[in-house]
Amino acid sequence: MFNNKLCINLLLICLFFNVNIFSQTFYRLKADFSMKEKKPDGTSSLVIGKVYFDKNYNKVVYVIDFPDKQTVIMHDTSFYRIEGKKIVEHKKVPNTNDFTIFNLCLNGKLINYGLENSIFKPTKVEKENNMVITTWVPDSKMAKKMGNVMLSVKDKKLFGVIIFSPKNEIIEKKFFNKYINANGLLFPSEIVEIRYYDGKEYYKVTTYKNVVVDEKGKEDIYNYKIF
Amino acid sequence: MKKLILTFSLIAVMLISANASKSDLFTYDQNAVNTELSQLTTLENYVYNNEGVTYSQVLESNSAMAITNMNGLSSAFSLGDMDWGAWAWGFCCWPIGLFTVILNKDKDSNSKISYLIGFGCAVVLGIISNIVSYAVYGSLWYY
């Protein structure tokens, strides 16, 4: 009798404080990455290193081994490139950390590519060839600047993203392949991006290996101090 | 009746083609991606087999691995990156700009480069205007 009362009370407390005791929450991620890209300006790029992200610090820290040893940090609207202990480049950039693959995965928002609660609203949902295809339309105020976004979900995992221009031309396609399970976190180990420019396709392939979730310690890297 | 069948079949064909085109959008040519990035993949494998190697070391030891127009994560400064405010400090009043731009920790690399470009423009224009004014003054003095 006492035990039953205790269980009911605990359940009520959990419901009252909205404690989700059944789902796992993740807060940080580390991975080895490799980024290969051919750009429209004719340049090629190969970057290999490790990436660290802690959603509480909101800093994406790339510890790069190739082509040169350096550290790149994306924090709010700042881009820092550090060689040794010296900041060799500091730029103002748009704040994209919330929409990185790391933040979206840790927050369980990758399936909608973070479009939920954004200026985009879902309009059409169609099921076809084992895919659920959703068309997201931008707010009418932004319709002149941004086009639709189409998402396809396969096996309850985000498979493809297609970004359209306001003229309904495809600007970019992204494919999220080879999902791995890292301690319960589903993470795409390969991302293929195709950009369309002047009637040509330009490719970027990013691969992730050795994904570690919720690693303890290493505060100096996850919360890299920039002086 | 024939017209009705034709209309329905046309609608059916249109619906099928519309649907097909939507899922077809979520495809890409994996071979084209592999071919286009093959040189980078070869270099990537070389880097994995020679842990800790940098691109300059690769070029020294294996020039066959060289990739035309190779760059890293950072992008080169372009006119679009110009901070015209910082440029104006360099161009119009460089001593104050030294404090408001160069020694200001809130200013990024692009602002600092813009300031130096502005300062450079002022120096070049100053030299040209001095040469012109000396030439004009000299010719006037001669006559």
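Our structure's up above, just so we're on the same page.
Description of the structure in this document. (Residues numbered from 1 in each chain as written. Chains lettered and ligands numbered in written order. Predicted model: local features only at pLDDT ≥ 70, side-chain atom pairs only at ≥ 80, totals over all residues. Heavy atoms only, no water.)

**Examining the environment of S111 of chain B**
Residues and elements named next belong to chain B. Tracing the chain through its elements places S111 in helix α7 (residues 109-142). For S111, a relative accessible area of 6% puts it in the buried group. Engagement of the side chain of S111 in a polar contact is seen with the side chain of D83, the distance being 2.7 Å. (Helix = DSSP H or I, 4+ residues; strand = E, 2+ residues; numbered from the N terminus. Buried < 20%, exposed > 50% of the residue type's maximum accessible area, 1.4 Å probe, protein only. Polar contact = N/O pair within 3.5 Å; in protein donor to acceptor, adjacent residues only side chain to side chain.)

**Let's talk about the pattern of salt bridges**
If you walk through the whole model with that rule in mind, you get 16 salt bridges over all chains. The residue K36 of chain A makes a salt bridge to E44 of chain B at a minimum N-O spacing of 3.1 Å. Taken as a pair, K36 of chain A in strand β1 (residues 28-38) and E44 of chain B in helix α3 (residues 38-49) lie in two separate chains rather than in one. With respect to burial, K36 of chain A and E44 of chain B carry one shared label: buried. Residue R81 of chain A is joined to E89 of chain A by a salt bridge in which the shortest nitrogen-to-oxygen separation is 2.7 Å. You'll find R81 of chain A and E89 of chain A in the same group, each marked buried. (Salt bridge = Lys/Arg side-chain N within 4 Å of Asp/Glu carboxyl O.)

**Structural notes on the layout of surface pockets**
The space that makes up the largest pocket amounts to roughly 1,700 Å³. Lining the largest pocket are 48 residues, and of these T96, K174, E193, R195 and K204 of chain A lie nearest its centre. Looking at the lining of the largest pocket, the elements with two or more residues in it are β1, β2 (44-54), β4 (70-75), α2 (101-106), β10 (157-164), β11 (170-182), β12 (185-197) and β13 (200-213) of chain A. Its residues placed into classes, the lining of the largest pocket shows 26 nonpolar, twelve polar and ten charged. There is about 380 Å³ of room inside the second largest pocket. Every residue lining the second largest pocket is counted, 21 residues in all, and those nearest its centre are Y80, I87 and H90 of chain A together with K105 and K112 of chain B. Contributions of two or more residues to the lining of the second largest pocket are made by β5 (78-83) and β6 (86-92) of chain A together with α7 of chain B. The dominant element in the lining of the second largest pocket, judged by the number of residues it contributes, is β6 of chain A, at five residues. (1 Å grid on protein atoms, 1.4 Å probe; cavity = no way out; pocket = protein on both sides within 12 Å on 5 of 7 lines; lining within 4 Å. Points joined across faces, edges and corners; volume = space filled by probe spheres on them. Nonpolar A, V, L, I, M, F, W, Y, C, P; charged D, E, K, R; others polar.)

**Observations concerning the packing of helix α5 (residues 84-92) of chain B against helix α6 (residues 94-102) of chain B**
The description of two packed helices rests on the angle between their axes and on the distance between the axes. Residue and element names in this part refer to chain B. The N-to-C vectors of α5 and α6 enclose an angle of 145°; their axes lie 6 Å apart at closest approach. Seen along the crossing, α5 lies across α6 with a hand that is left-handed. Seen from α5, the contacting residues are A86, W89, G90 and C92; seen from α6, they are W94, I96, G97, T100 and V101. Its residues placed into classes, the contact of α5 with α6 shows six nonpolar, three polar and no charged. (Axes fitted to C-alpha atoms, helices over the stretch in contact; angles between N-to-C directions. Left-handed = near helix turned anticlockwise from the far one by under 90°. Contact = heavy atoms within 4.5 Å.)

**Looking at the nonpolar core**
In terms of nonpolar packing, the biggest core is built from 36 residues, with Y62, I101, F102 and Y208 of chain A touching the most fellow members. Examining the composition of this core, we find that five residues originate from one element, α2 of chain A, more than from any other. For I101 of chain A, the contacting residues outside a window of four places in its chain are L110, F176, F187, P188, I191 and Y208 of chain A. Membership of the second largest hydrophobic core comes to 27 residues, among which are V192 and I194 of chain A together with L40 and L43 of chain B. (Core = buried A, V, L, I, M, F, W, Y, C linked by side-chain atoms within 4.5 Å.)

**Concerning the environment of T77 of chain A**
Residues and elements named next belong to chain A. Mapped onto the secondary structure, T77 falls in the loop between β4 and β5. T77 gets classed as partly exposed once you look at its relative accessible area, which sits at 37%. Counting along the chain gives 112 residues from T77 to S189, while the straight-line C-alpha distance between them is 27 Å. With sequence-adjacent residues up to four places away left out, T77 is seen in contact with K91, K92, V93 and N95.

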